[in-house]
Amino acid sequence: MPVIDHDALRRHAIARTFFKPTTLLRAIQRLGFVQADPIRAPARAQDLILMHRVKDYRAGQLEARYTKLAVEEDALVNYGFLPRETLALLHPRVAKRPWDEEMNSRAAEVLEFIRARGRTHPQHVQQAFSHGRVEGYWGDELNASTQLLDGMHYRGLLRVARRDSGTRVYEAIEHLIQDDSPEARHARAGALLDMIVALYAPLPSASLGYLTSLLGYGAPHLRVEARNVLKEAKTRWGHAKVDGEFWYWPADENPAARSHRIEPERLRFLAPFDPLVWDRRRFERLWGWAYRFEAYTPPAKRTMGHYALPMLWGDRMIGWANLKVEAGTLVPDPGFIDKRPRDAAFRAALDEAYYGMAMFLGLEE
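Residues numbered from 1 in each chain as written. Predicted model: local features only at pLDDT ≥ 70, side-chain atom pairs only at ≥ 80, totals over all residues. Heavy atoms only, no water.

**Student:** What is the right way to read the packing of aromatic side chains from this model?
**Tutor:** To describe a pair of aromatic rings, one takes the distance between the centres and the angle between the planes. Across all of its chains, the model carries 16 aromatic pairs by this definition. Measuring from ring centre to ring centre gives 5.6 Å for F269 and Y354, while their planes differ by 20°; the resulting arrangement is stacked. You can see F269 sitting in strand 11 (residues 267–269) and its partner Y354 sitting in helix 14 (residues 344–360), a full 85 residues away along the chain. Of the two residues, F269 and Y354, both sit in the buried class. With a centroid separation of 5.4 Å and an interplanar angle of 50°, the aromatic rings of F283 and W287 are classed as tilted. Residue F283 and its partner W287 are both found in helix 13 (residues 280–287); the two are separated by four residues, about one turn of the helix. (Phe/Tyr/Trp six-rings, centres within 6.5 Å; stacked < 30°, edge-to-face > 60°. Helix = DSSP H or I, 4+ residues; strand = E, 2+ residues; numbered from the N terminus. Buried < 20%, exposed > 50% of the residue type's maximum accessible area, 1.4 Å probe, protein only.)

**Student:** In this structure, what is going on with the pattern of salt bridges? I would like to understand it.
**Tutor:** Here the idea is simple: oppositely charged side chains can pair when their charged atoms come close. Counted under the stated rule, the structure contains 22 salt bridges. Notably, a salt bridge pairs D150 with R168, separated by 3.3 Å at the nearest N-O pair. In this pair, D150 is assigned in helix 8 (residues 144–154) and R168 in strand 7 (residues 167–172), connecting sequence segments 18 residues apart. Take D150: its relative accessible area is 21%, and that puts it in the partly exposed class. When the shortest N-O distance is used, the salt bridge between E232 and R236 registers 3.7 Å. Taken together, the salt bridges that share partners define one network made up of E72, R84, R119, R159 and E171. (Salt bridge = Lys/Arg side-chain N within 4 Å of Asp/Glu carboxyl O.)

**Student:** I'm lost on the packing of helix 6 (residues 101–117) against helix 8 in this one. Help?
**Tutor:** Relative placement of two packed helices is described by the angle separating their axes and the distance separating the axes. Between helix 6 and helix 8, the shortest axis-to-axis distance is 10 Å and the interhelical angle comes to 85°. Considering the angle they form, helix 6 stands roughly perpendicular to helix 8. Contacts from M103, R106, A107, V110, L111 and I114 in helix 6 reach L148, L149 and M152 in helix 8. Taken together, the residues that form the contact of helix 6 with helix 8 break down as eight nonpolar, no polar and one charged. (Axes fitted to C-alpha atoms, helices over the stretch in contact; angles between N-to-C directions. Parallel < 35°, antiparallel > 145°, perpendicular 65-115°, else oblique. Contact = heavy atoms within 4.5 Å. Nonpolar A, V, L, I, M, F, W, Y, C, P; charged D, E, K, R; others polar.)

Quick look at the structure:
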């Protein structure tokens, strides 16, 4: 019988996440969740994730096609994009910190305004209401209306209808009332954790526990139920003990299956939040080195660069690359864990990856 070891887990992780490129909607449905990030270096994280999974995908297409897709921007373990049907598992969402009477009154006024107006840009809310300014997430100041709209979206009063040059445009939404019985709540928490396991598997036990805690962002009202589902891990998901640590994956998958095919001469640049990269603990277990996301690290303390994209060559993570666009040309700055490979196969794979990135970015030549 095939052995499940770190080699098998590595092949399983790669083969299951890089499915045959498909349509944009089907790729999002297959993944279940695509994490978003506003930094564009050289493209936003959601675009870098989708370029490997959507046929002929180009940077910005998700934002351009969003209004025609059955997808939503919302919170899961992080903020991102998910299939519209997933909203029924997340809403009605009950925030951990309830608003006071004043905030509820403001929200009610703004909600009435947006219902009457339809799709509304935050500038129009700011022009109609004087909410002042508040401290932002990073210590800066934000317009209080912007924070209010964000809170209304999180609480399920609004949805993102589209984006205008990256800015969220909102419209009112009403979510269906859900069965609030203990059994139904447990089932919703289980479905959400099944989705998370399917996205990030195979997962070491500590990472599964961490993701269960992070689900408190998207479903704070199901925290107790999520912890109870986690207790059922060994009966709910496939698992094995590898080097003293339990790993988990969907029950109908086999990490040791011979059907897991890896393209040995394919090189990919991966977003810092790609499902294959996101779990830094798993990354280090499977590839033997610690990847660091240093966009918010002072430049003098960076070891890999502002927005280092891990480089996957076959089944090996051989290093990273910082990619910039200058005067319409892709300018790469690669780094390697060991010595840079010198064989012709690697040079060809690297050139092909650079060309694919240029096409993805719309640089033509």
